[in-house]
Amino acid sequence: MAMLDTPTLKENIDQETVDKVRALDVDKYKYGFETLIESDVAPKGLNEDIVRMISAKKEEPEWMLEWRLEAFRRWQTMEEPSWAKVSYPKIDFQEISYYAAPKTTAGPKSLAEVDPELLATYEKLGIPLKEQEILAGVEGATGETATPYGGNVAVDAVFDSVSVVTTFREELAKHGIIFCSISEAVREHPELVKKYLGSVVPVTDNYYATLNSAVFTDGSFVFIPKGVRCPMELSTYFRINEKNTGQFERTLIIAEEESYVSYLEGCTAPMRDENQLHAAVVELVALDDAEIKYSTVQNWYPGDKNGKGGIYNFVTKRGDCRGHRSKISWTQVETGSAITWKYPSCILRGDESRGEFYSIAISNGHQQIDSGTKMRHLGKNTTSRIISKGIAAGFSDNTYRGLVSAHAKAKGARNFTQCDSLLIGDKCGAHTVPYIESHNSSAVFEHEATTSKISDDQMFYCQQRGLSEEEAVALIVNGFVRDVLQQLPMEFMVETQKLISISLEGSVG
Amino acid sequence: MTTPILEVRDLHVRVEDKDILKGVNLVLPPGEVHAIMGRNGSGKSTLSYVLAGKEDYEITGGDILLDGESILEMEPDERAAAGLFLAFQYPVEVPGVATMTFLKAAINAQRKARGEAEVTTPEFMRLVKDAGSRLNIDSAMLKRPLNVGFSGGEKKRAEILQMELLQPKLCVMDETDSGLDIDALQVVANGVNSMRSSERSMLVITHYQRLLNHIVPDVVHVFSDGKVVESGDKSLALELEAKGYAAYEKDVA
């Protein structure tokens, strides 16, 4: 009877579906506008002078410049990694400009001083920037306005290389929370930056992280003091606008003992024929009993239907559960970029600390994704959980690559990993590459993986009930990623569901 | 003369160079329930899929009219919005999508296609509660992903629930009795009978006569080798049960 009730799923999708997939139109990128604002751009190329220029533009202290130069010298001796399952023409690092700043952002005193194009850009991005006066830095304006998301969200917006606005700062300051751009933190809170910057992702960590250390231009800095539960979502929006610029942002979040913070980053870029480079570093530090929840909705321009253009996204994200019973949770929704190379990881140093990684990675057109996580169990009774949902459509390649390791001292370490892949069409690929290293006999690691296809039978069933092909795909995919969607902050869940539908537009019909 | 809800005219269908339907003719006037009986492989299920517009079937001749309009060029979702419903023999699993979510998406998709306003949440809840209680479907079942881990009876009841909520003009039921025990069969049949109306037609496909004790048809058609070989009133089903299909197949030959 059970046999009878199980529908037979077809192994091969018929020719018409394939044709439709082929005809898919990824040019419908919603965020592909370019903002025409005057900007201050560094000459192309990278050398010590450029590093000095960036440091000088940011009015950095000497120690910061030295830190950058050391990274730059190191970077010159390094090789680009080639182990990921992605292919792209060799990047000419001398053809990129390493600094671009909107000209009008130097401390606007009134709304009139802010470039209207910039404000229009925020509107198009749908950034919760109702409080545009506050954003523009108008003196005395408070951040009490409700955002379109219905809750309070403090925002730091990074435009090309510069953080242009940070909202709700006064409100946060009442709790002793620091939320500002990293450039500002270098100047205003050098003791914290010196103590923590590079302590999770060392300057020498990997090719892109080292490059970032030399030329990082901006990003967000968050400090949550002991015992404080951050009263609102903190959020950063990154946008690459200038042609031929790289964006190298640096984010540092420190949660002191018994504190909590939920942070969300969003990314968009205009449509361009050339590939743009994005190499960010994110470092998280959680002390005893602290919790950091970090969510990403990455929607960089993925390139057109022929694979032309798009962002190369080479990102190093790592969280250090430095304290006992600390917890770091990564949630990512990856829909954009031509190439994604990204492994948000957790170092489970404190005893009984916990790491989580929830991922939805959608590739369409000619996108290539090689993403996953690392869970390094160092402390006793540490636990981790990995739920990865990869959806491949069009001609894309979607790889999950993950490492779970247990140190000899990590007694009682436990991991649960689940990797599910969903294929739409038959010209795309899904791959799962799990690495497990256990040096402790008491460690228990579980791994489950599945690969499935949206079957013609599922499509027909949904359509028979009245859903169009696109509605059916969106419904099935949203069902497939449900476990991960539930991890996102409520305010962003609905938006993400829509984004998933948009990303898969044209993938079947 | 009133326009039939469904009219199938000399329908020929081929799958991978094999002729499956070889000239099917059917006329279902409003309010009538017709049964199609035939042995496995006679083309009954193919007929139901072709009516609903499944791909992979090549129509080599004939026509299908719904309310007097040809639907051959319509997509499955357009046919659904036009009022055609197929209760599947093997309802498909949709993991991660709560039955409730699916029901609402289906109702709204059809309303949208017809240019009607979306169903409000209170209205939807009331509709589901009413129909669900008649079919012994509780809210716990509606929260589960559609058809995932459903028993045979639950799947068939969920199909009839969808049929009630969507209020189609034409209900095509493909082997709705398969996998049902006597009690479940009674519940499903009651659901179907409660939907009989002068504005709706039903096509009941089965190879057992027992379903027709519960859903009593106005006309019975015997299907063999891709076409209707005999039609009659409900007594034909009993006769068929007694004599077996072979008797009718010989008539043709």
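Just so it is clear, the model here is predicted, and its values are computed rather than measured.

Points about the overall build of chain B
Across its full length, chain B carries 10 helices and 10 strands. Relative to the globule expectation of 18 Å for 253 residues, the C-alpha radius of gyration of chain B, 18 Å, shows essentially globular dimensions. Summarising its shape, the C-alpha atoms of chain B cover approximately 55 × 40 × 40 Å along the three principal directions. Across the 253 residues that make up chain B, the buried fraction comes to 53%.

Some words on helix α6 (residues 152–166) of chain B
All names here are of chain B. The end-to-end C-alpha separation of α6 is 22 Å, in line with the 21 Å expected for 15 residues at 1.5 Å each. Counted residue by residue, α6 has 15 buried out of 15 residues, so it is predominantly covered. Positive phi appears at Gln167, one or two residues downstream of α6, with a value of about 45 degrees.

What about the UniProt feature "domain: SUF system FeS cluster assembly SufBD N-terminal" (unreviewed entry) in chain A?
Within this structure's numbering, the places UniProt gives as "domain: SUF system FeS cluster assembly SufBD N-terminal" (unreviewed entry) are residues 172–230 of chain A. Along residues 172–230 of chain A, the helical share is 42% and the strand share 15%, with 8 Å between the first and last C-alpha atoms.

Examining the interface of chain B and chain A
Taken residue by residue, the interface counts 38 residues in chain B and 25 residues in chain A. Together chain B and chain A conceal approximately 2,700 Å² of surface at their shared face, both sides included; 58% is due to carbon and sulfur atoms. Of all residues in chain B, the largest losses of buried area upon contact with chain A belong to Asp77, Tyr90 and Val92 of chain B, amounting jointly to 19% of the total for that side. The tally of links between chain B and chain A comes to three salt bridges. Across the salt bridge formed by Lys112 of chain B and Glu471 of chain A, the nearest N and O atoms sit 3.0 Å from each other. The tally of links between chain B and chain A comes to 13 residue pairs in polar contact (both at pLDDT 80 or more).

Quick word on the packing of aromatic side chains
Residues and elements named next belong to chain A. Under the criterion given, the structure shown has 23 aromatic pairs over all chains. With a centroid separation of 5.3 Å and 50 degrees between ring planes, the pair formed by Tyr88 and Tyr312 is classed as tilted. In this pair, Tyr88 sits in the loop between α4 (62–76) and β2 (100–102) while Tyr312 sits in strand β13 (residues 310–321), placing the two residues 224 residues apart along the sequence. Classification of Tyr312 as buried rests on a relative accessible area of 8%. Through pairs of rings, three or more aromatic residues link up here, namely Phe72, Trp75, Trp83, Tyr88, Phe93, Tyr207, Tyr208, Tyr312, Phe314, Trp341 and Tyr343. It is Arg229 that lies over the ring of Tyr260; its NZ or CZ is 4.1 Å from the centre. The ring of Phe480 has Lys389 lying over it, and the distance from NZ or CZ to the ring centre is 5.1 Å.

Some words on unusual backbone geometry
Phi is positive for Asp56 of chain B, close to 80 degrees, though the residue is something other than glycine. Checked against the element boundaries, Asp56 of chain B lands in the loop between α1 (44–52) and β4 (58–66).

What to know about the sheet that holds strand β6 (residues 84–87) of chain B
All names here are of chain B. As summarised here, the arrangement of the six strands in space is β6-β7-β8-β3-β9-β10, forming an open sheet in which the pairing is mixed. The open sheet terminates on both sides in strands that have one partner only, identified here as β6 and β10 (227–232). Across the sheet, the mean angle from the axis of one strand to that of its neighbour is 20 degrees, orientation sign disregarded. Of the strands in this sheet, β6 and β7 (170–174) are in contact with α6, which crosses β6 at around 170 degrees.

Overview of the side chain of Arg401 of chain A
All names here are of chain A. Considering the arrangement of structural elements, one finds Arg401 in strand β20 (residues 397–406). The class of Arg401 is buried, set by a relative accessible area of 11%. In this structure the side chain of Arg401 is engaged in a polar contact, spanning 2.7 Å, whose partner is the side chain of Asp370. Arg401 has contacts with Trp83, Ala84, Lys85, Tyr343, Asp370, Ser371, Gly372, Thr373, Val433 and Tyr435, leaving out every residue within four places of it along the chain.

Concerning the pattern of salt bridges
Using the criterion set out here, one finds 35 salt bridges over all chains in the structure. Between Asp205 of chain A and Arg318 of chain A there is a salt bridge whose closest N-O contact spans 2.8 Å. One end of the pair, Asp205 of chain A, is in the loop between α9 (190–196) and α10 (207–215); the other, Arg318 of chain A, is in strand β13, with 113 residues separating them in the sequence. Residue Asp205 of chain A is classed as partly exposed on the basis of its relative accessible area, which comes to 28%. Asp19 of chain B is the salt-bridge partner of Arg14 of chain B, the closest N and O atoms lying 3.1 Å from each other.

Some remarks on the pairing of strand β11 (residues 281–286) of chain A
Residue and element names in this part refer to chain A. Within β11, six of the six residues are buried, leaving the element largely enclosed by the surrounding structure. In β11, alternate side chains face the same way, and those of Val281, Glu283 and Val285 on one face and Val282, Leu284 and Ala286 on the other are all buried. Alignment of strand β8 (residues 250–255) against β11, held across six bridges, turns out to be parallel. Looking across to β11, one finds that Arg250 is bridged to Val281. As judged from the six bridges shared by β11 and β13, these two strands associate in the parallel manner. Across the sheet, Val281 pairs through a bridge with Thr316, a residue of β13.

Regarding the side chain of Glu175 of chain B
Residues and elements named next belong to chain B. Counting through the fold element by element, Glu175 comes out in the loop between β7 and α7 (182–194). Glu175 sits in the buried class, given a relative accessible area of 4%. If sequence neighbours within four positions are ignored, Glu175 has contacts with Lys44, Gln89, Lys156, Ile205, Thr206 and His207.

Section: the nonpolar core
Residue and element names in this part refer to chain A. With 112 residues, the main nonpolar core has Ile391 and Val477 as its most contacted residues. In this view, Ile391 contacts Ile360, Ala361, Ile362, Ser363, Asn398, Leu422, Ile424, Val477, Phe480, Val481 and Leu504; residues no more than four positions away in its chain are not counted. In terms of nonpolar packing, the next biggest core, distinct from the first, is built from 52 residues, Leu46, Phe72, Tyr196 and Phe314 among them.

Some remarks on the confidence of the model for chain B
When the pLDDT values of chain B are averaged, the result is 91; 98% of them are 70 or greater. Taken together, the chains of this predicted complex give a pTM of 0.78 and an interface ipTM of 0.95.

Focus: the sheet that holds strand β5 (residues 69–70) of chain B
The strands that make up a sheet are held in pairs by hydrogen bonds between backbone atoms, and each pair lies either parallel or antiparallel. Residues and elements named next belong to chain B. The strand order across the open sheet formed by four strands is β2-β1-β4-β5, and the pairing between neighbours is antiparallel. Whereas interior strands pair on both sides, the edge strands pair on one side only; in this sheet they are β2 (18–28) and β5. Note that strand β1 (residues 6–15) and β2 share eight bridges and pair antiparallel. What sits directly across from Leu11, in β2, is Val24.

Cut-offs and rules
Residues numbered from 1 in each chain as written. Chains lettered and ligands numbered in written order. Predicted model: local features only at pLDDT ≥ 70, side-chain atom pairs only at ≥ 80, totals over all residues. Heavy atoms only, no water. Helix = DSSP H or I, 4+ residues; strand = E, 2+ residues; numbered from the N terminus. Rg over C-alpha atoms; globule rule 2.2 N^0.38 Å. Buried < 20%, exposed > 50% of the residue type's maximum accessible area, 1.4 Å probe, protein only. Expected span 1.5 Å × (residues − 1). UniProt positions renumbered as here; feature names shortened; annotations may be inferred. Contact = heavy atoms within 4.5 Å. Buried area = accessible area lost by both parts, 1.4 Å probe. Salt bridge = Lys/Arg side-chain N within 4 Å of Asp/Glu carboxyl O. Polar contact = N/O pair within 3.5 Å; in protein donor to acceptor, adjacent residues only side chain to side chain. Phe/Tyr/Trp six-rings, centres within 6.5 Å; stacked < 30°, edge-to-face > 60°. Lys NZ or Arg CZ within 6 Å of the ring centre and 35° of its normal. Pairing = 2+ DSSP bridges. Axes fitted to C-alpha atoms, helices over the stretch in contact; angles between N-to-C directions. Core = buried A, V, L, I, M, F, W, Y, C linked by side-chain atoms within 4.5 Å. pLDDT = per-residue confidence, 0-100.

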